[in-house]
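# Breakdown of the fold
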2 protein chains.
Amino acid sequence: MRVSLLYSGGKDSSLAAWMLHRLGYRVELVTASFGYADFTGYARESARAIGFEHRVMNLGTELLRRACERIARDGFPRRGLEMLHLAALEALAEKGGAIADGTRRDDRVPLPSLDEIRSIEERYGVAYIAPLRGFGKRSIEDLTSRIFRVEHAPSEASRSADYEMEVRAYLRDKGYDVNKIFPPHVQSRVTGLR
Amino acid sequence: MRVSLLYSGGKDSSLAAWMLHRLGYRVELVTASFGYADFTGYARESARAIGFEHRVMNLGTELLRRACERIARDGFPRRGLEMLHLAALEALAEKGGAIADGTRRDDRVPLPSLDEIRSIEERYGVAYIAPLRGFGKRSIEDLTSRIFRVEHAPSEASRSADYEMEVRAYLRDKGYDVNKIFPPHVQSRVTGLR
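Bear in mind that the values here come from a model prediction, so they are computed numbers and not experimental data. (Residues numbered from 1 in each chain as written. Chains lettered and ligands numbered in written order. Predicted model: local features only at pLDDT ≥ 70, side-chain atom pairs only at ≥ 80, totals over all residues. Heavy atoms only, no water.)

A few words now on the sheet that holds strand 5 (residues 127–129) of chain A. Within a sheet, neighbouring strands are paired by backbone hydrogen bonds and run either parallel or antiparallel to one another. Residue and element names in this part refer to chain A. An order of 3-2-1-4-5 is seen for the five strands of this open sheet, with the pairing classed as parallel. At either margin of the open sheet sits one strand with a lone partner, and together these are strand 3 (53–58) and strand 5. For this sheet the average axis-to-axis angle between neighbouring strands, irrespective of direction, equals 30°. Bridge analysis of strand 1 (residues 2–6) against strand 4 (residues 98–100) gives three bridges, and the strand direction is parallel. Bridging across to strand 4, serine 4 finds its partner in isoleucine 99. Across the sheet, helix 4 (residues 78–93) is in contact with strand 1, strand 2 (26–33), strand 3, strand 4 and strand 5; its angle to strand 1 comes to roughly 155°. (Pairing = 2+ DSSP bridges. Helix = DSSP H or I, 4+ residues; strand = E, 2+ residues; numbered from the N terminus. Axes fitted to C-alpha atoms, helices over the stretch in contact; angles between N-to-C directions. Contact = heavy atoms within 4.5 Å.)

Here the idea is simple: oppositely charged side chains can pair when their charged atoms come close. As enumerated under the stated definition, the model contains 34 salt bridges over all chains in all. Between glutamate 141 of chain B and lysine 137 of chain B there is a salt bridge; the shortest N-O distance is 3.0 Å. Of this pair, glutamate 141 of chain B and lysine 137 of chain B both sit in helix 6 (residues 137–147), separated by four residues, roughly a single helical turn. The partly exposed category is assigned to glutamate 141 of chain B, whose relative accessible area is 41%. Note on lysine 137 of chain B: relative accessible area 45%, which makes it partly exposed. Each of the salt bridges in this network shares a partner with another, and the network as a whole consists of Glu62, Arg65, Arg66 and Glu69 of chain A. (Salt bridge = Lys/Arg side-chain N within 4 Å of Asp/Glu carboxyl O. Buried < 20%, exposed > 50% of the residue type's maximum accessible area, 1.4 Å probe, protein only.)

Here we take up helix 1 (residues 11–22) of chain A. Residues and elements named next belong to chain A. Look at helix 1: 16 Å from first C-alpha to last across 12 residues, which is about the 16 Å you get at 1.5 Å a residue. Among the residues making up helix 1, those that are buried are Ser13, Ser14, Leu15, Ala16, Ala17, Trp18, Met19 and Leu20. Within two residues after helix 1, glycine 24 carries a phi angle of roughly 100°, on the positive side. (Expected span 1.5 Å × (residues − 1).)

With that out of the way, let us pick up the side chain of arginine 189 of chain A. Residues and elements named next belong to chain A. Turning to its location among the elements, arginine 189 is positioned in strand 7 (residues 186–193). Side-chain polar atoms of arginine 189 contact the side chain of serine 46, separated by 3.4 Å. In this view, arginine 189 contacts Gly9, Gly10, Tyr42, Glu45, Ser46, Arg149, Val150, Glu151, Arg159 and Ser160; residues no more than four positions away in its chain are not counted. (Polar contact = N/O pair within 3.5 Å; in protein donor to acceptor, adjacent residues only side chain to side chain.)

The next subject is the relation of the copies chain A and chain B. When chain A is fitted to chain B, the best match, at an RMSD of 0.0 Å, comes from turning it 180° and sliding it 0.0 Å along the axis. Both copies of the chain, as the preceding transformation shows, are related through a two-fold rotation axis. Taken as a fraction of all interface residues of chain A, those also at the interface in chain B reach 100%, which identifies the copy contact as same-surface. (Least-squares fit on C-alpha atoms with pLDDT ≥ 70 in both.)

Turning our eyes to something else, we now look at the sheet that holds strand 5 (residues 127–129) of chain B. Residues and elements named next belong to chain B. The parallel open sheet is built from five strands, whose spatial order is 3-2-1-4-5. What marks the edges here is a single partner per strand, and that holds for strand 3 (53–58) and strand 5. Each neighbouring strand pair of the sheet contributes to a mean axis angle of 30°, computed without reference to strand direction. In this structure, strand 2 (residues 26–33) lies alongside strand 3, joined through six bridges in parallel fashion. In the sheet register, valine 30 faces strand 3, and the bridge partner there is arginine 55. Strands strand 1 (2–6), strand 2, strand 4 (98–100) and strand 5 of the sheet are contacted by helix 1 (residues 11–22), whose axis makes an angle of about 170° with strand 1.

Structure representation (structure tokens):
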């Protein structure tokens, strides 16, 4: 069983990769980029550090521009980031098989929604897996701290390959105050196995 | 990490047990009974066949009576079975630690709901895990068919220890036509590892 997993190098997508591997899947990690500012090297390093195959998928600057316009209009990032995540899942799904991401049960708004999941599965004939959906915050922290070495940094100084990094770069270049749009938070990045 | 998992001997709770074991948990399987008609031997056999510790937890006939009254009043089983499942999770939660069940993403109404999960976690200080929640029907079937030998039977002749079995026995004895209340369906029972 092969599965392609959207991968940022952070704790959640790394744990999803580790879980799928333990359950017998052959896991390929895929990092989405938009060809504007390249943060994918961080994800590649993390993937290598935990022993997985990795590739980059370029979704194009036009998609990034549309998502950033929505974010600038909204004044908050959620819907624009969701647009990028859905587009990334659909791009993964085009190759068929099984696709996965690191979505958690306790994400403020777990996305994709069940309706969006079923729509992707039906339109593309794929199986979508979100191995972390059945686990709460505490269980995920227990597992992560046993399995990985992790570095944390404020998001403005993060070395992860989360969509947020390229969105921040784009909006900053367009003159927006990104620290007003993104609430301050800490990004994690996996640096190896324990 | 220890976890107590509600276990019927069916495919879903068996797959949940196997997954948690693969992820490094020490899994104890727990079958709920209500002291009315004992089907727990089937679950014990399945647990032994796949190599897990197993115990029976008696929740009392009074709970069964209340659930059966609701089911008879409703004319359909969903809310009564949900009452039994929540009571079983709460009884498991009383010992603290981590608790789990075989709830799936694609169950018609995945229960417990997120609100019920969070309520149990907060009131009892436990972590609830539903390892199958992140997997769709197709992925679960792929995994199950690789891992287990399974026997199927119509629910009226099933040899599983699902709550439905004791509910059926109770309602039948009270003179209800259980085949009107329960839509015809097939129950699975795991008989071993492949």
